[in-house]
Amino acid sequence: MTRPRRTDGPPDRRPPHGSPRPSRRHFVLALPAALLATGCAAPHRGTGRPGDPIVLTLLSHYASGELKEALRGPVDEWNATHDRVKVRTTAVEFTDLLTTFMVRQAAGQGADILHPYCLWNGQLVRAGVLRPAPAEHAEEIRRGYSAAAVGAASVGGRVYGYPTELQTYALYYNKRLLRAAGVDGPPRTWRELEETAYRTTRRDRYGNTLVQGFGLSTYDDSTTVGQTLALLNAAGGAFVSADGRSTGIDSPAGRAVFGLEDRLVARGASCPGVNVYRAFPSGQVAMVISAGWWTGSLRSQMGADYRDVGVAPLPLPEAGGTRATLCTGFMLGVNTASRHPREAWEFLRWLNTERTAAGKGAVATRMSALQVSAGSLTGRADDMRALLGAGGGKGAARDPNLRPFLDALAYAVPEPNVPGAQRAKSLLRTNIEALWTGRRSVEEALRLTRRQVDQEVARAW
Amino acid sequence: MVNALVPETAERTPRARAVRSAVAGRVRHRRRQTVVAYLFLAPVLLFFAVFLLLPLGFALLLSTSRWSGFALGDIEPAGLDNFTGLFADGSTFLTPILTNTLLFALGTVALALTGSVLVATCIDRLRFQGVWRTLYFLPIVTTVVAVGNVWKYMYEPGGLVNGVLNAVGLDSVAFLADPDTALPSVVVVQAWASLGSAVLVLTAGLKSVPESYYEAAALDGAGPVTVFRRITLPLLRPSLLFVCVTQFLTGLQSFALITVMTRGGPGDATDVAALEMYRLAFGYGDWGTASAAAFVLFAVVLAITLAQLWWFRRTGEDA
Amino acid sequence: MTRGRSTGRRGVPWLSYLVVATGAVLTVVPFCDMVMTSFKGPGEAGTLPYRFLPRAFDLANYRAAIRQLDLPALFRNSVAATALITASVLLTSSLAGYALAKLRFPGRDFVFRLVLATMMFPPFLFFVPHFLILVHWPLAGGNDLSGRGGAGLTVSIAALAVPFLVNGFGIFLTRQFMVAIPDEVLEAARIDGAGEFAVWWRIVVPQTKPVLVTLGLLTFVDAWNEYIWALLVSTANPDVMTLPVGIQLLQDHVDPARTTPIVMAGLVLSVLPVLLLFLLLQKYYVRGVMLSGLK
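Just so you know, these numbers come straight off a predicted model, no measurement behind them.

As for the overall build of chain B
Thought 1: When you go through chain B residue by residue, the secondary structure sums to 14 helices and 2 strands.
Thought 2: Its C-alpha atoms give chain B a radius of gyration of 28 Å, more than 25% over the compact-globule value 20 Å for 319 residues.
Thought 3: Burial status across chain B gives 47% buried among its 319 residues.
Thought 4: Within chain B, counting contacts between residues at least 6 apart in sequence, those at least 24 apart form 70% of the total.

Structure below.
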């Protein structure tokens, strides 16, 4: 692993950026001239000479690990088989991704192809960063992907890119801990969820928690907000209204979710300060809501203990209700500032819709194959069935725990992606944390979240 | 060496002409000196025009505009909307962000001031003062990335601070992970890092207290506490003011340490105004609100600085 | 190293020694922890119970840091930016300081007040406009004359340095020292036929060498340690990443079991040059901080 900006594409044949230091000895006297002269090299573009290939840059957060390797495969394949258009990948860590998009765009150095988290689509579209998909691509996307995936990749009804990595939320549970507490199977309703949580919670004689019944964790956005939004969707609620200008958190559904979490914390079944990513694999958490990607890391972290892990659809407030859960995802879109949009879309079509043999008789798109190889999903249900059904590939594809996430593609609700959505999410997170740490009551937290988020999304339009 | 040519020429010419030419010479000389002076100042003035006046104007323009894109042509006037938005119902700018900023600055000043007064008065009695001062200086010449990361690691459950706490039989504290302790934990680091310069300024202040004052006090049989309260502290007033004002200024605007250690988290427990401004601009592309936030913070900084100057001047004869 | 004033007054001041030594230990311990941690092996750092000393002094972390950091590029960028800033601040400060101290011309008071006023504006006020000005710098980085179409100065290392090239405090400091140079000396040189530039270079600059060393050192340390602006510029263009930014990036990035020791090793490498320079020239640096107090 190297610095995240390390590229995986073909060797960079452009001349280096203008030699930045004046070479003369008494350069101090020539300072103003030197300053002017240093910046005159063109930024990240092709050489522009006729005959030289077009170089498309792709900026993602696949900076390390399995996904970095997985993306390298198809990109190398493209570069080996295409002479006129080459693709160069660059990556930064996810935490820096949005800032990097914005700063590079502001600096006129935005990559041709972007891989944003769909939550940011509203902001990026409003800032004029993303280019709407041309009609034929939009048509292909609408036809090929599940509704949640298309929704996440659209802003105001317009499609902006090819959905890639898709995450649905479901309930992880530890079969051993449930059995030990005399519970037969995973909960299907919230009442069962609460009872199971209280029954599985164990403390030592000093009051230290040994096993949390239900893991509520303030570790990061997806543990804090993801869990809450998944429960909110299951209760039929929505974080942001259909027109995107106000929040629906201060509703009976929102009250039910906050109330449930508040009770779990108050009665000691949840310890929000604990890092659930560490506690669950070591058998200190009985149940937790999380996304599908986690199966991969749990499998490698837990080894043989992974057979204790089960995954069930998200419990509903009442038995027999309509299933719903949260879905988050990424997409590949094209920069408005790109000089070669046609080539960029062409590459994306090749990567995302062209089907190839993916081993063991399964036929799938390159993107679907690469996501599944890294233990993740895409919004192409047919691909997913083919890849998971074939039982080929590595351990990932054989994992029955991926099934519930796959099934959820049919009913999952995309995370709202209005302008200001990232801010709204941060505000929600702060308020959830205040609720969990007992600094705010359910009603206060709901009211404050509504006021803050309404102000934020209203300002962002 | 003085040139002998000047009086000689004056002697050889008629008096009237001499005066006229002397005046003309002086005018010429002065004009030439004006040209030279502005040549010498040219880089500086040019810089200030491009990197001070222009940005100030630009920031003012942005703070009264809506601009969510990146093309200069998209800037639209928005009146004072950005400012009212900052203080609107539900906005987090006032609480907790500005409150955090003030607490951060106040905490840093209080800690650094107490610590430096204590250390400076003690150092003043010791040998090898230079060596001691050098030690206290190490954090100042160290990059904030190093300071932040070292302390972040020391605050971790398996880090040095908790190691010491456990060794003396105390429970571990989740310093940076707990919203209640995160801000104080960062304040301690900022104070730790700025102690050295405060100690330095105060030792200089102590050196200027005449020895005779102490001798007189000793003759009167005053104890060390009395000497400190009646002599040292009042005479140290200018140095204290200096430390106070500069540390407050730094505390109100610095966010590099917070960026390195907590990124404003957990939640918004350590989010400060300058960091929020940075994030609004470069994370969310909300240049208008970011610029408005910068001006509000500037107003706060200015008000607090002036208030300190006024307060010190009022309570003491010289400051 | 002055003798403590009250040693004669009251014997050995044990209490004072205790206070100062405690403070000094608290100051130095984090540095020791940094160095010790940088030698710790995988699984040794961050585990309970805490151990101060590493099991073995292994250089593996340093090798890993050097391998993962692309240190030559980071060093090159840091050195280039720091050199540019220091040289420019010294040059512009001494030129302007001389004009303001020793030349008589209309508008001098105004310019001097302007210089003082510039010190009032906090840097955060300028982040956004400075960045946008650099981006829209005419005829640079593919921009046209109106500053559009390209990346402006953000493509070059100059972007790291530009906002810091002139320093109001530096001008003020050099001016205060140049005022003390007797006018007769300068007048004599002028009568000898020396131009103002020669006067500045041959007489004023040598006479103010100590203050220039001080200013240079202050500027050097600040520029070397600068983080926020460098972070912004490196986000726009990773090719100009400086040492602090690179090391900060490292920490999200490597294998968690070994992250901390490797980060600490990187930090030791980046802190060392400045620390050594400071220890060598600390007399000048200390004076600079006393004069500015702005740290």
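Focus: the overall build of chain A
Thought 1: Scanning chain A for helices and strands turns up 19 helices and 16 strands.
Thought 2: When burial is assessed residue by residue, chain A has 54% of its 461 residues classed as buried.
Thought 3: Across chain A, the fraction of contacts at a sequence separation of at least 24, relative to all contacts at a separation of at least 6, is 74%.

Observations concerning unusual backbone geometry
Among all residues except glycine, the phi angle is most often negative; among peptide bonds, the trans geometry is most common.
Thought 1: Cis geometry marks the peptide bond from Thr95 of chain B to Pro96 of chain B; its omega dihedral reads 0 degrees.
Thought 2: Inspection of the secondary structure assignment puts Pro96 of chain B in helix H4 (residues 93-123).
Thought 3: Look at Arg263 of chain B: it is not a glycine, yet its phi comes out positive at around 55 degrees.
Thought 4: Mapped onto the elements of the fold, Arg263 of chain B is located in the loop between helix H12 (256-261) and helix H13 (273-282).
Thought 5: Classification of Arg263 of chain B as partly exposed rests on a count of 14 C-beta atoms within 10 Å.
Thought 6: Of note, the phi angle at Asp70 of chain C is positive, near 55 degrees, even though the residue is not glycine.
Thought 7: Note on placement: Asp70 of chain C falls in the loop between helix H3 (60-69) and helix H4 (71-102).

Some thoughts on the interface of chain B and chain C
Thought 1: Residue-level contacts link 84 residues of chain B with 83 residues of chain C.
Thought 2: Take the side of chain B that touches chain C: its biggest share by element is 19 residues, from helix H2 (residues 15-63) of chain B.

Here's the deal with the packing of helix H2 (residues 65-81) of chain A against helix H14 (residues 366-373) of chain A
Residue and element names in this part refer to chain A.
Thought 1: Running from N to C, H2 and H14 cross one another at 155 degrees; their axes reach a closest spacing of 9 Å. Taken as axis vectors, H2 and H14 run roughly antiparallel relative to one another. Viewed along their axes, H2 and H14 form a crossing whose handedness is right-handed. Across the interface between the two elements, Ala70, Leu71, Gly73 and Pro74 from H2 touch Arg366, Leu370 and Ser373 from H14.
Thought 2: Per-class residue counts for the contact of H2 with H14 are 4 nonpolar, 2 polar and 1 charged.

Some points on the confidence of the model for chain A
All names here are of chain A.
Thought 1: Of the residues in chain A, 86% reach a pLDDT of 70 or more, and the chain-wide mean stands at 83.
Thought 2: Averaged over each element, pLDDT in chain A is lowest for helix H1 (residues 31-38) (42) and highest for strand S3 (residues 113-114) (96).
Thought 3: Across residues 1-46 the pLDDT falls below 50, and counting only partners more than four positions away or on other chains, this stretch makes 91 contacts in the model.

Notes on the domain arrangement of chain A
Residue and element names in this part refer to chain A.
Thought 1: The domain boundaries assigned to chain A delineate domain 1 (44-166 + 328-397) and domain 2 (168-326 + 411-460).
Thought 2: Placing the centre of domain 1 and that of domain 2 at their C-alpha centroids yields a distance of 29 Å.
Thought 3: Of all the secondary structure elements, the ones that give two or more residues to the side of domain 1 that touches domain 2 are helix H4 (121-126), helix H6 (147-152) and helix H16 (395-398).
Thought 4: With 4 residues, H4 is the largest single contributor of residues to the side of domain 1 that touches domain 2.
Thought 5: Taken together, the residues of the side of domain 1 that touches domain 2 sort by class into 11 nonpolar, 8 polar and 1 charged.

Observations concerning the nonpolar core
Residues and elements named next belong to chain B.
Thought 1: Counting 313 residues, the largest nonpolar core has Met277 and Ala293 as the members making the most contacts within it.
Thought 2: The biggest single contributor to this core is helix H8 (residues 179-207), with 14 residues.
Thought 3: Those residues within four positions of Ala293 in sequence are excluded, and the remaining contacts are Leu86, Phe93, Ala273, Glu276, Met277 and Leu280.

Topic: the domain arrangement of chain B
Thought 1: If you check the domain split of chain B, you get domain 1 (5-49) and domain 2 (91-315).
Thought 2: Here domain 1 of chain B and domain 2 of chain B have C-alpha centroids that lie 51 Å from each other.

Considering the pairing of strand S9 (residues 209-214) of chain A
All names here are of chain A.
Thought 1: In the sheet, strand S8 (residues 202-203) pairs with S9 via 2 bridges, with the strands oriented antiparallel. Looking across to S9, one finds that Arg202 is bridged to Val211.
Thought 2: Judged from the 2 bridges that link them, S9 and strand S10 (residues 285-291) form a sheet pairing that is parallel. Bridging across to S10, Phe214 finds its partner in Met287.

With respect to H3 of chain C
Residue and element names in this part refer to chain C.
Thought 1: The set of residues buried in H3 consists of Asn61, Ala65 and Leu69. Axial view of H3: buried residues confined to an arc of 50 degrees, hence all on one face. The exposed residues of H3 that point more than 90 degrees off its buried face are Arg63 and Arg67.
Thought 2: Asp70 sits one or two positions beyond H3 and adopts a positive phi of about 55 degrees.

What counts, and where the lines are drawn
Residues numbered from 1 in each chain as written. Chains lettered and ligands numbered in written order. Predicted model: local features only at pLDDT ≥ 70, side-chain atom pairs only at ≥ 80, totals over all residues. Helix = DSSP H or I, 4+ residues; strand = E, 2+ residues; numbered from the N terminus. Rg over C-alpha atoms; globule rule 2.2 N^0.38 Å. Buried ≥ 20, exposed ≤ 12 C-beta atoms within 10 Å, placed from the backbone. Contact = placed C-beta atoms within 7 Å. Axes fitted to C-alpha atoms, helices over the stretch in contact; angles between N-to-C directions. Parallel < 35°, antiparallel > 145°, perpendicular 65-115°, else oblique. Left-handed = near helix turned anticlockwise from the far one by under 90°. Nonpolar A, V, L, I, M, F, W, Y, C, P; charged D, E, K, R; others polar. pLDDT = per-residue confidence, 0-100. Domains from an automatic or database assignment. Core = buried A, V, L, I, M, F, W, Y, C linked by C-beta atoms within 7 Å. Pairing = 2+ DSSP bridges. Arc of directions from axis to C-beta.

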